[in-house]
Amino acid sequence: MVKIAILGSGKGSNCRAILQAVREGRLAATPVAVISDVKNAPILEIAREFGVPHTCLSPGDFRTRLDPGAEAELVRILREANTEFVVLAGFMRILKKAILNAFPRRIINIHPSLLPKFPGLRAWEQALAAREKITGVTVHYVDELIDHGDIIAQREVPVLETDTPDSLHKRIQQAEHALYPEALRQVFAQYASAA
Ligand code: GAR
């Protein structure tokens, strides 16, 4: 079974969807760690609920990335847990070479837009501001750019005339919770058959 570590900074609803899919046998994977850069983030509580080892990583002095010492510590923790895939679920820091090189093509992210449209923060608000009629969700491999890398799967989400940022975000998150476990299932099946 593929060993996965889930990284997140916030409420962890995608983490929950993944752990639930594992529990229900819809995703063949062993979650070995949940790691957050935010103390007391709800995602850590979800890990506890599912009995997955979890830890808070002190990110260092930068706001948008880990400092080099923290990134080295993250790689150490991931290796110690024998992680094969790193799954980002709302991890709000840019990953740099140390971790990208340690897990080549084995770091996956989900983003709440149809990339390459609307990378960055609060993508659903960007879609509303641009008066899009359709937005969506993207699962992709992570490279050194923000919300960028080879696309694994996408799902469209309609934008309604009546949408507020909250109502659109909610619909997008429902799509995320369905798409992420399914996209991971496909990636891990390919990985297992190539091994
Ligand atoms: C998700 O909507 C995810 O797509 C987004 O953060 C949210 C985390 O929610 N990620 C990004 O915007 C990455 N640029 P969650 O903590 O409930 O899973």
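Residues numbered from 1 in each chain as written. Predicted model: local features only at pLDDT ≥ 70, side-chain atom pairs only at ≥ 80, totals over all residues. Heavy atoms only, no water.

Enquirer: Explain the environment of V22 to me, please; I cannot follow it from the model alone.
Expert: By secondary structure assignment, the location of V22 is in helix α1 (residues 13-23). Sequence separation between V22 and P68 is 46 residues; the distance between their C-alpha atoms is 32 Å. Those residues in contact with V22, other than ones at most four positions away along the chain, are L27, A29 and P31. (Helix = DSSP H or I, 4+ residues; strand = E, 2+ residues; numbered from the N terminus. Contact = heavy atoms within 4.5 Å.)

Enquirer: What is the right way to read the packing of aromatic side chains from this model?
Expert: For the structure shown, the criterion picks out two aromatic pairs. Measuring from centroid to centroid gives 5.0 Å for F85 and F188, while their planes differ by 50°, and the two rings are tilted. Linking F85 in strand β4 (residues 85-88) with F188 in helix α6 (residues 165-194), this pair joins segments that are 103 residues apart in sequence. Classification of F85 as buried rests on a relative accessible area of 3%. Ring plane angle 85° and centroid distance 4.9 Å describe the contact between F85 and Y191, whose orientation is recorded as edge-to-face. (Phe/Tyr/Trp six-rings, centres within 6.5 Å; stacked < 30°, edge-to-face > 60°. Buried < 20%, exposed > 50% of the residue type's maximum accessible area, 1.4 Å probe, protein only.)

Enquirer: Just to check I follow, could you spell out helix α2 (residues 42-50) for this structure?
Expert: In an α-helix, one turn spans 3.6 residues, which is why side chains three or four residues apart end up on the same side. Where α2 is concerned, the buried positions are I43, L44, I46, A47 and F50. Taken end-on, α2 shows its buried residues confined to a sector of 155°, consistent with a single buried face. Looking at the packing, one finds that the buried side of α2 touches β1 (2-7), α1, β2 (29-36) and β3 (54-56). Positive phi appears at G51, one or two residues downstream of α2, with a value of about 70°. (Arc of directions from axis to C-beta.)

Enquirer: Explain the packing of α1 against α6 here, please?
Expert: When two helices pack together, their arrangement is given by the angle between the helix axes and the distance between those axes. Interhelical geometry of α1 versus α6 gives an angle of 45° and a closest axis separation of 9 Å. Taken together, the axes of α1 and α6 lie oblique to each other. Where α1 crosses over α6, the two elements pack in a sense that is right-handed. Mapping the contact onto sequence places S13, N14, A17, I18 and A21 in α1 and Q173, E176, H177, Y180, P181 and L184 in α6. Among the residues making up the contact of α1 with α6, the classes are represented as six nonpolar, four polar and one charged. (Axes fitted to C-alpha atoms, helices over the stretch in contact; angles between N-to-C directions. Parallel < 35°, antiparallel > 145°, perpendicular 65-115°, else oblique. Left-handed = near helix turned anticlockwise from the far one by under 90°. Nonpolar A, V, L, I, M, F, W, Y, C, P; charged D, E, K, R; others polar.)

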